[in-house]
Each structure stands twice: as structure tokens, then as C-alpha cells.
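Each chain, written out:
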Amino acid sequence: MASNISERASSSMENISESHSMLTIPNQESPLFANPLLITVNSTPFRIAALVLLTLLVSTYTLSLFKFIRTRNSQRPGKPAPTLPYYLLGICHAFDLDWSMASFLANTVKRWGYLSPIAVRAGPFGFTMIVNPNHIRTILRSSKTLTNRPMLAFVMEKWFSTPKEYLHFYAAHDPSVTTPGGMPERMHDFQVKVSLKYLSGKHLLEMSERYLAILKSRLVKLDIPTDGWVEISDFYTWLQNQVTSSIIEAMMGSRILEMYPGIVEDFWKFEHQVANYSRGLPRWMIPSAYKTRERLLANIKAWNRLANRESDYTQHGEEGPEWDEFFGTKFIKAREGYLREYGLNEDAIASEHLGLLFGSNANVVPAVFWYIFESFKDVELQEKLKTELQDCLKPETGDLDIPKFSTKPLLQSTYAEVLRLCVTTTTTRTNENANFKLGPDYTIDKDKTMTIFASITAYNRQAWGTARPESVGKPLDEFWPERFLRSNKKEANFSLEGLTECWMPYGGGQRMCPGRHFAKNVIISTLGLLLELFECELVDVQQAEQVKPDTKWVPYGTLPPTKEVAVRLRRTE
Ligand code: HEM
């Protein structure tokens, strides 16, 4: 049998070599030897087509460049934003944006400066980049006229998979459509009010202290001895696990983590896919991204049912408990209340909770990483931060006194500098009622989206220098923890004064991120806790120097590190 097979194999090999030997091999000099691509390239029709295409590209670019410059230089008041020159009609800047949004944006301001608004188009989509600090100020002061609803509707649909029939709650401009049963306000406006109320004052303090207590109980249980180092090979992923589960428990209760132990892992898988959800890639191209999101939504829905069965969301007034294991905070209960009042079904409510999970983790966790990482890299900085943290301990318990963070200059300045360099959020605004006057010179058409990029305003040297000359004592592409300090005769103080149009990780105006105070508390207190419980070291200091915020990441939030960072911990005595 075996010999039969080898016989057959050798005979077929022979057949092959026979048939090969029958082929006439052309002379290598002969044009026939050239591969088919070369033949096509050398053909006259191809050359003509290439020439026509090249002419088309060059003339499209020249024409669009001419229009761009003419509009920019025009003295006509109320002119439109010039459209950035492009090579391909229709597609315009789509390839550049998709290839690397970060380089596209940086190159655009490098070439055209921070003066005029610049319209960018990617097929049917478009936005106007707002880079001039005066224009940014006008936008931030127009919170009554401008909304972020179109963007919100986009992310609710594309990222959080809100059922189609509920999307009008986010997008609709006509109040009569958004107010079933005579609800007095549009849902989104109401949502903002609730976030502002429960993410400030005593509720904020309660949630921040709970976060710290939960994180501490987790870290205390870890098997890290006092007499030996434990190495964590991927510190960023380790932090994601510790911080995200503590935020979830502090905000949404402990039951959700018990019911769905995979929530943290699934959340970060989901977060990694937001660019693909935005692109609207179909299920067959990214099946696991779809499955992860479905798993998240199904489990959140199951938790929400349990919470409604076992607890009472109406108890978010003065008399109700600040926290319970089912719903977590009053913030979640109040959200549940209005979502139900507006008539959202269980699926739409689950999408809302996924949105909040995203808002409360996706930016803050990488920011925690960079804050800690910078302090591990620079031991001198770490010592100074430690001294300020020591000053923030409650004498009775030895726990961190969170409100005291706001009195410490370097803790806050380092925090602001970290956010300046690693946050690439956008502030989007649209006028849904009329054209919008950006100033005496430019007018943006009704329904057109204006976008401010935190990663662009962070590097506008002229604006920083004019607003706060001492803030550009070191180049803006350097990490300088003292950048936000202001010295008077006696001491240095932390201040963001004058930098509203420059430092924009949280957006700005009335719609500025309502979770920013909680984010700051989480960032500073996590470092405080780590330094209290452990001695911490980078495993390879030289390698750490090469780790940077990964700008390949789409500019939807805080950038993750380009490489894994290994850290070793030893419990303090
Ligand atoms: C470093 C961390 C964070 C960054 C960089 C960040 C950034 C932002 C930005 C840029 C916006 C849009 C603001 C605008 O349009 O002007 C926003 C909105 C929002 N953020 Fe944050 N955020 C962070 C943390 C948080 C946290 C921890 C929470 C919740 C506890 C949160 C909750 C929200 C909510 C609910 C909105 C939507 C407000 C609205 O509906 O208009 N954020 N955030």
C-alpha cells in the first residue's frame, strides 16, 4: 500500500516535471519574460490612464488649494470655513483620517497654523476643525445655542447599540418628539443636570471615598509580601483590572461584578473596538467585537432587572441610602428614574449603562496609568508627590483626605500635565437652529459639526504663551510637571486660569465633562494608595523611557501606552 502511494506520487512528480520540460522558456531578454504587471504598466493605454489620473489628482488639488487660500484671504465678513485641500473629489480626506488621525491633525495645524477654522470632509461626513482660541471661546460661550446631540446620537447608535426606535431621544431637535407624556425637558438636557448634581458636592465625596476604600480592600488582599518583590509584567492591564472594578463597584454596586465576573475584561475588549464600531464595520468582519458588545449588553440588562427587583430606584432623595449593592449610588438610581420616565425599554437602558461605563472608565484608567508611570520614572518627582500626599492624610484614620488634594500644587499640576499630554478627546458642537457666527469673520452652516481637539489645543504655543507666559518655560512637547504652577512671593500655587481654550481634556463650557472631579480624585488617590501600600519600581527604567502615549489610537479619549511596562511591588512594613 505504502509503496503504491509512493509510486503514484513519484509518477505524478514525473508528470509535472515532464510537462514543465515541455514548456518553452522564453529568452530572459525577451519582453515576453516580463511579468504581466510590467506588461500592463508598459502598455500605452495604461500610460494614458495613469497620466489622466495624475492630471486629475494634481488639478483637483491645485483647484482645492486655490479655493482654500482664496477663502482664507477673503475680507468678506461671515465667510465659510475653507475646505482643506484634497486630491480625491468626493472622498476628500477620508484616507488620511483613517490612516492616522493624529498625524493628519498635527500636520494640518503645522502647515496652516491656528488661525482659520478648517473644513474637513470624508465622503458624506464632515466637520470643521476649530483651532483659533478666539473661535473656541465663542463656541464655549454659546452653550445655549450649540449642542452635542448629533455626536451623542452617533455614539449611542454606533458604539452602544441603542435600539433604532429610541435614537430620536438623542438626536431629535423637535422637543415635541422627545417629550412623551409631556416631559418638561429634552432627555439629554435632563441627563446633564442629573450628572452635574450627583457627580459633585457630598455625592462626589461619598463616591470617591467609596472608590478608595474598595480599591484599598482589593490591594490589601493581594499576595505581595514585605520581604520580596512581586513583578507585574503588564502594569497597564493590571491597573485596568484593579481600577475599573473599583469604579464599577463604587458607582454601580457590587452585585453587577458578582453576576458578571467577566465585565472588566469584556469592557476593555469593547473599548478597544470603538474605532471599528465607528467605521460601521459589519459583523462578518469583526464577529468577536459584536459578540463582546452583545455579552456586555445582555449582562447589564440582567443586572438591571435584578436591581429593579431587589432595590428601589426612586430612593435617590435625601432620605435614601447613599449606596446599595444593587444599584450602587444615587446617581445610578436617579438615571434609572428618568430613563424609565422617558419610556426607554430595557435594551435602551442597557445601552445607556454601557455608555456610562465607557464615560467613567475609558479615559480615566489610562490617565491613572500615566500619572503613576511618570512618578515611577522620576524618583525625585515621586518624593515630592509623596510629601504632598502625606499632608493629605486624615489624622484620625490615616486615610487620604480627598478634598485636600485641591490644596496641593504639585499633585494637581502633575495631574493637569499628564492629561494635557495623553488625552485626545474632542469637543463637538452643532447649531441645530441656524447658521453660527464664529466671530466677525466666519460663519458655520446650520447642522454642521464644529470639532475642537484637545490634542491640538494642548500644543498651541502662541496661545499658551499669551495666556500664561510662565507655562511655556519648557517646550510643550515635553512632560513638565510644574507647568501649571504659579509662584507668588511665598509659595507656588496650581492654577488653570487663562487656559480654558488651551487645556481642554474635559471639553468646555456648560457641557464640560461632569465626571471631571471624580476623575481627578481617582487619578490622585490611586497613586496615593499605591505609594502608601507598596514600594514600587520600574523593572527596566531605560526601556520605560521609550514608552509613549500611542497616537495611532483614534482621538476618542486617553491614549494607552505603546508598550507593556513591567513594574515590581513590595509591601511596605
Ligand atoms: C480623565 C477622565 C475623563 C475625561 C478626559 C473625560 C472627557 C470628557 C469629555 C471631553 C466630554 C465631552 C465634554 C464636552 O462636550 O464639552 C465628557 C462628557 C461626559 N463625561 Fe467625561 N471624561 C472623563 C471622566 C469621566 C468620568 C469619571 C465620568 C463619570 C463618572 C464621566 C462622565 C461624563 C458624562 C456623563 C459626559 C456626558 C455629558 C453630556 O451628556 O453632555 N467622565 N467627558
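The rules we used
- Residues numbered from 1 in each chain as written.
- Predicted model: local features only at pLDDT ≥ 70, side-chain atom pairs only at ≥ 80, totals over all residues.
- Heavy atoms only, no water.
- UniProt positions renumbered as here; feature names shortened; annotations may be inferred.
- Near = heavy atom within 4 Å.
- Polar contact = N/O pair within 3.5 Å; in protein donor to acceptor, adjacent residues only side chain to side chain.
- Helix = DSSP H or I, 4+ residues; strand = E, 2+ residues; numbered from the N terminus.
- Nonpolar A, V, L, I, M, F, W, Y, C, P; charged D, E, K, R; others polar.
- Donors = N, O, S within 2.8 Å, 3.2 Å for Na, K, Ca; no water.
- Pairing = 2+ DSSP bridges.
- Axes fitted to C-alpha atoms, helices over the stretch in contact; angles between N-to-C directions.
- Core = buried A, V, L, I, M, F, W, Y, C linked by side-chain atoms within 4.5 Å.
- Buried < 20%, exposed > 50% of the residue type's maximum accessible area, 1.4 Å probe, protein only.
- Contact = heavy atoms within 4.5 Å.
- Parallel < 35°, antiparallel > 145°, perpendicular 65-115°, else oblique.
- Left-handed = near helix turned anticlockwise from the far one by under 90°.
- Patch = residues over 30% accessible without salt bridge, like charges linked within 9 Å, V, L, I, M, F, W, Y side chains within 5 Å.
- Areas by Shrake-Rupley, 256 points an atom, 1.4 Å probe, with all protein chains shown as cover.
- Salt bridge = Lys/Arg side-chain N within 4 Å of Asp/Glu carboxyl O.

Within an unreviewed UniProt entry, the label attached to the protein chain reads Cytochrome P450, and the organism entered is Penicillium nalgiovense. Per UniProt, the comment on the protein chain under Cofactor (unreviewed entry) is "heme".

All right, on to the site of the ligand then. If you check the shell around the ligand, you find 24 residues, and the closest are His 188, Gly 359, Arg 429, Arg 511 and Cys 513. A distance of 3.2 Å separates an oxygen atom of the ligand from a polar atom in the backbone of Arg 511. Of all the secondary-structure elements, those providing two or more residues to the shell around the ligand are helix 10 (187-198), helix 18 (346-361), strand 7 (426-431) and helix 24 (516-533). Looking at the shell around the ligand, its residues break down into 11 nonpolar, 11 polar and two charged.

The subject of this paragraph is the coordination of the iron atom of the ligand. You will see that the iron atom of the ligand has only one donor from the protein, Cys 513 (SG), lying 2.3 Å away. Residue placement: Cys 513 occurs in the loop between strand 12 (492-494) and helix 24.

What follows concerns the sheet that holds strand 14 (residues 567-571). Two strands in a sheet stick together by hydrogen bonds in their backbones, pointing the same way (parallel) or opposite ways (antiparallel). Ordered in space as 4-14-13, the three strands form an open sheet in which the pairing is antiparallel. The open sheet is flanked by strand 4 (230-232) and strand 13 (534-538), the only strands paired with a single partner. Within the sheet, the average angular offset between the axes of one strand and its neighbour, ignoring direction, is 25°. Of the strand pairs in this sheet, strand 4 and strand 14 are connected by three bridges, and their pairing is antiparallel. Paired with Glu 231 across the strands is Arg 568, a residue of strand 14.

To continue, consider the nonpolar core. Counting 124 residues, the largest nonpolar core has Phe 235, Ile 263, Leu 344, Tyr 371, Leu 419 and Trp 503 as its most contacted members. Excluding anything up to four places from it in sequence, Phe 235 contacts Phe 369, Ile 372, Phe 376, Leu 530, Val 565 and Val 567. Leu 84, Trp 112, Val 120 and Phe 453 belong to the second-largest nonpolar core, a separate cluster that totals 18 residues.

On to the UniProt feature "transmembrane region" (unreviewed entry) in the protein chain. Per the UniProt entry, the sites bearing "transmembrane region" (unreviewed entry) are residues 46-66 and 112-131 in this numbering. This span, residues 112-131, is 5% helix and 50% strand, and a straight line between its end C-alpha atoms measures 10 Å.

Let us look at the sheet that holds strand 1 (residues 118-122). Taken in spatial order, the five strands make up an open sheet running 1-2-10-7-3, and their pairing is mixed. Only two strands of the sheet have a single neighbouring strand rather than two, namely strand 1 and strand 3 (146-147). Here two bridges tie strand 3 to strand 7, and the two strands are oriented antiparallel to one another. Counterpart to Thr 147 in the pairing with strand 7 is Thr 430.

Let's shift gears to the packing of helix 12 (residues 235-252) against helix 24. Running from amino to carboxyl end, helix 12 crosses helix 24 at an angle of 120°, the nearest separation of the two axes being 12 Å. Put simply, helix 12 runs oblique to helix 24. Handedness of the helix 12/helix 24 crossing: right-handed. Contact residues: helix 12 offers Phe 235, Trp 238, Leu 239, Val 243 and Ile 247, while helix 24 offers Phe 518, Val 522, Thr 526 and Leu 530. A breakdown of the residues in the contact of helix 12 with helix 24 according to their chemical character gives eight nonpolar, one polar and no charged.

Two elements in contact, helix 16 (residues 287-310) and helix 17 (residues 330-341), have axes separated by 13 Å at closest approach and are oriented at 95°. Comparing the axis directions of helix 16 and helix 17 gives the class roughly perpendicular. Contacts between helix 16 and helix 17 involve Trp 303, Asn 304 and Asn 308 from the first element and Ile 332, Glu 336 and Arg 340 from the second. The residue makeup of the contact of helix 16 with helix 17, split by class, is two nonpolar, two polar and two charged.

Take unusual backbone geometry next. Positive phi, close to 50°, is recorded for Cys 92, a residue that is not glycine. On the secondary structure map, Cys 92 appears in the loop between helix 3 (44-73) and helix 4 (94-99). The phi torsion at Asp 447 lies on the positive side, around 70°, for a residue other than glycine. Structurally, Asp 447 can be placed in the loop between strand 9 (443-444) and strand 10 (449-453). In this structure Asp 447 comes out as partly exposed when scored by relative accessible area, which is 47%.

All right, on to a nonpolar patch on the surface then. A contiguous nonpolar patch, built from Tyr 87, Leu 88, Ile 91 and Phe 95 and spanning about 380 Å² of accessible area, is present on the exposed surface. Within the secondary structure, Ile 91 sits in the loop between helix 3 and helix 4.

The next thing to look at is the UniProt feature "binding site: heme" (unreviewed entry) in the protein chain. According to UniProt, the feature "binding site: heme" (unreviewed entry) maps to Cys 513 in the numbering used here. Of the residues examined, Cys 513 reaches a relative accessible area of 28% and is grouped as partly exposed.

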